[in-house]
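# Notes for the structure review
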Amino acid sequence: MTTGYDSLHMGRSSIDLYSNDIGAPFPQINSFAAYVGGSPLNISVGAHRLGLNTALLTAVGVDPVGDFILDFLNREGVVTQFIPRKPGRRTSAVILGIEPPDKFPLVYYRDNCADNALDIDDVLASPLTSCKVFQFAGTNLSVEPSRSATFFAAERAKAAGVKVMLDVDFRPNQWHDVRAFGVQVRAILRSVDIVIGTEDEVNAALMIETGQMSLTHSQISDTHVQGDTERAIAALLSMGPEALILKTGSRGSRIYLKNGEVIEAPGYPVEVYNILGAGDAFGGGFLYGYINGWGWKKSARLGNACGAIVVTKHGCANFMPTLPEVEAFVSTRGGLE
C-alpha cells in the first residue's frame, strides 16, 4: 500500500457558487464565482498548502462537476487517486449569498449526492492505516452508506494507532431530525482522539429539544444552538477524546484536555468578508502544527491565523493560505507563540 501521507480526509466535496454581488439580497444576485468546497476537502487543501502531504477520500459523480473538482485538487497536489466516481450519483453543489457582516444565506444541493455513497470498500481501498491523522466530518454520519463507512474508518484508524480527528460540521438540513446528529456523534467518539467544533456545534452534539436551535437567513453553516457549552465539553471528553478544540471566532480558540487543563489560543481580529471556510482553514492550520509537533497552543494559533486570513476572502479552498503568507500575516500581529 502507498505510504507517506500525513493525513487522510473523508467526507463532503462540492462545487461552490459564491455570489459576486457582495451585499446584494439573494434574489438580486446577478452572477456567481465557481470554487470548490466541502469541509474535509477544504481542510485537505489548507493543510497541503501549508506543507502536509494530504489525501482525500470523497466521491464525485460521473459528471462535469466531478471533473471540475478533481481538476482543482490535482492542480493543488492533494492526492485524488482514492476518490471513487459513483455512477448514478451527482456531485454535490452549494450556492451562497454574501451580505457581510452577518448574512450568508446558503443552499445545499445534496439529494442523491456522490459523497453520501462512500462505502466500506472505498475505505479499504484508501491509505487509512498508513497516514498519521485520519480526519472526517460529522455530516458523514447523516445517511447510509457513508455513516457505516465512517464508523468503520474511525475504528480501523484507531486500532492502527492513527490519530482520529472529528470536525463536528453540524449542518441541520442534512438530518431527518437534528437531535439524531448528536446521537451519531456521541456514538463515534470512542474512536476519536481530537474534536474540533464551535460552541453551537458542541451544544448540537448534546441537543435534546429542537427549540434549542435557531436558524435565520438560511445560514446553515452558522446555526445557533443554545446549551451549557462547558457541560457539553466535559460530557463529550468523557466519551473518549483526549482533546476538544473550541473555535470561538475572533476570540481565537480554546483547547480542552481530558485531564482538565484548558489552554487559551488568542485570535487575530479582522474585518469579516465571508465566514464560510474560516473554520476549515483553522482545521488545516491546526493539523499542520499538530503533525509537526508544535504543541496545542501554537498549533491552534496557526489555525486561528489561517481562519483570520480566509474570513477576509471570497471563497474557501481556493483561498487557503501558504505558510509564508501566514508568517507574513502574523509578523505584525504578535507572531504565533
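One structure accompanies this document, and this report is about it. (Residues numbered from 1 in each chain as written. Predicted model: local features only at pLDDT ≥ 70, side-chain atom pairs only at ≥ 80, totals over all residues. Heavy atoms only, no water.)

## A short note on helix α8 (residues 278–291)
We apply this condition: To qualify as a helix, a DSSP run of H or I must reach at least 4 residues; to qualify as a strand, a run of E must reach at least 2; elements of each kind are numbered from the N terminus. Multiplying one less than the number of residues by 1.5 Å gives the expected span of a helix. Buried, partly exposed and exposed residues are distinguished by accessible area as a fraction of the type maximum, computed with a 1.4 Å probe on protein chains only: under 20%, between the cut-offs, and over 50%, respectively.
Over its 14 residues, α8 extends 20 Å from the first C-alpha to the last, a length consistent with the 20 Å expected when each residue adds 1.5 Å. Counting buried positions along α8 yields twelve of 14 residues, so the element is predominantly enclosed. Of the positions making up α8, those classed as buried are A278, D280, A281, F282, G283, G284, G285, F286, L287, Y288, G289 and I291. Phi turns positive, to about 70 degrees, at G293, one or two residues after α8.

## Overview of the sheet that holds strand β10 (residues 163–167)
Definition in use: Whether two strands pair depends on DSSP finding at least two bridges between them. What counts as an axis is a line fitted to C-alpha atoms, over the stretch in contact for a helix, and the angles between N-to-C directions run from 0 to 180 degrees.
Spatial strand order, β4-β1-β9-β10-β11-β14-β15-β16: eight strands in an open sheet with mixed pairing. The sheet terminates laterally at β4 (54–57) and β16 (262–266), the two strands that pair on one side only. For this sheet the average axis-to-axis angle between neighbouring strands, irrespective of direction, equals 20 degrees.

## Side note on the nonpolar core
Counted only if it meets this: Residues belong to a common nonpolar core when they are buried Ala, Val, Leu, Ile, Met, Phe, Trp, Tyr or Cys residues joined through side-chain atoms within 4.5 Å. Contacts are assigned to residue pairs that have any heavy atoms within 4.5 Å of one another.
Core analysis: the biggest nonpolar cluster contains 49 residues, and M10, F134, F136, F181, V192 and L244 have the highest contact counts within it. When sequence neighbours within four positions are dropped, the list of residues in contact with V192 reads F136, K158, V164, L166, G240 and P241. Counting 46 residues, the second largest nonpolar core, distinct from the first, contains V36, I263, F282 and V326.

## Notes on the packing of aromatic side chains
For clarity, the cut-off: Side-chain rings of Phe, Tyr and Trp (the six-membered ring for Trp) are treated as a pair once their centres are within 6.5 Å; stacked means planes under 30 degrees apart, edge-to-face means over 60, and tilted covers the remaining angles. Whether a charge sits over a ring depends on NZ of Lys or CZ of Arg being within 6 Å of the ring centre and within 35 degrees of the ring normal.
Following the criterion strictly, the structure yields 13 aromatic pairs and no others. Centroid distance F26 to F32: 6.4 Å. Interplanar angle 50 degrees. Geometry classified as tilted. Since its relative accessible area comes to 29%, F26 is described here as partly exposed. The exposure class assigned to F32 is partly exposed, which follows from its relative accessible area of 34%. Here the aromatic rings of Y288 and W294 are separated by 5.5 Å at their centres, their planes lie at 90 degrees, and the arrangement is edge-to-face. The exposure class of Y288 is buried, given its relative accessible area of 12%. According to the relative accessible area criterion, W294 is partly exposed, its value standing at 25%. An aromatic cluster is present here, built from F282, F286, Y290 and W296 joined pairwise through their rings. Sitting over the ring of W294, K298 keeps its end group 4.4 Å from the ring centre.

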